[in-house]
Amino acid sequence: MKNAEIKNTLSQISSSLEALEKGFQIVKIEEVKKGDFFKRLRKGEPSSKVYAKGGFDRFEKKYIGEDWDDISREIYLKKGTLVAVGFDF
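Notes on the structure follow. These numbers were taken from a predicted model, which means no experiment stands behind them.

Cut-offs applied
Residues numbered from 1 in each chain as written. Predicted model: local features only at pLDDT ≥ 70, side-chain atom pairs only at ≥ 80, totals over all residues. Heavy atoms only, no water. Helix = DSSP H or I, 4+ residues; strand = E, 2+ residues; numbered from the N terminus. Buried < 20%, exposed > 50% of the residue type's maximum accessible area, 1.4 Å probe, protein only. Contact = heavy atoms within 4.5 Å. Areas by Shrake-Rupley, 256 points an atom, 1.4 Å probe, with all protein chains shown as cover. Salt bridge = Lys/Arg side-chain N within 4 Å of Asp/Glu carboxyl O. Phe/Tyr/Trp six-rings, centres within 6.5 Å; stacked < 30°, edge-to-face > 60°. Lys NZ or Arg CZ within 6 Å of the ring centre and 35° of its normal.

**Overview of the overall build of the protein chain**
Point 1. Along the protein chain, the regular secondary structure elements total 1 helix and 7 strands.
Point 2. Residue burial in the protein chain is summarised as follows: out of 89 residues, 29% are buried.
Point 3. Of the contacts formed within the protein chain by residues at least 6 apart in sequence, a portion of 42% connects residues at least 24 apart.
Point 4. Split by element, the accessible area of the protein chain, about 6700 Å² in all, is 50% carbon and sulfur.

**Things to note about the pattern of salt bridges**
Point 1. In the structure shown here, the tally under the stated rule is 2 salt bridges.
Point 2. Between K49 and D67 there is a salt bridge, and its shortest N-O distance comes to 3.2 Å. Taken together, the residues span a long stretch of sequence, with K49 in the loop between β3 (45-46) and β4 (51-57) and D67 in strand β5 (residues 62-67) at a distance of 18 residues.
Point 3. Among the residues examined, K49 registers a relative accessible area of 31% and is labelled partly exposed.
Point 4. Exposure remark for D67: the relative accessible area of 4% places this residue in the buried category.
Point 5. In this structure, D67 and R73 form a salt bridge, with 3.1 Å as the shortest nitrogen-oxygen distance.
Point 6. Classification of R73 by relative accessible area gives partly exposed; the value is 33%.
Point 7. Salt bridges sharing partners connect three or more residues here, namely K49, D67 and R73.

**As for the packing of aromatic side chains**
Point 1. Per the stated rule, a full pass over the model turns up 3 aromatic pairs.
Point 2. Where F37 meets W68, the ring centres are 4.8 Å apart and the plane angle is 85°; that geometry is what we call edge-to-face. A residue pair is termed long-range when its members are at least 10 positions apart, and F37 in strand β2 (residues 37-42) and W68 in the loop between β5 and β6 (74-77) qualify at 31 residues.
Point 3. Taken together, a centroid distance of 5.7 Å and an interplanar angle of 25° make the contact between F38 and Y51 stacked. Separated by 13 residues along the polypeptide, F38 in strand β2 and Y51 in strand β4 bring together distant segments of the chain. Y51 shares its class with F38; the two are buried.
Point 4. The ring of F87 carries the charged tip of K39 above its face, separated from the ring centre by 4.7 Å.

Here it is in structure tokens:
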């Protein structure tokens, strides 16, 4: 492994441990089951908006996140996007 890869891996492990201490878990969007709730991450912290995972849009080649508060709003997330799960709301 190169030094940059090692630093990146250590950074991910460190942020995951910090997230567990705060009461949520960081996972990739493809690991979230359809219908489960998640929050987007901004600078390692979960946002205030809650989304429910929809399906996969084959045309856009992205995962759909349906806004919990506004049924007419949805977001599209690329494969590999990190999200927060396991929180109370």
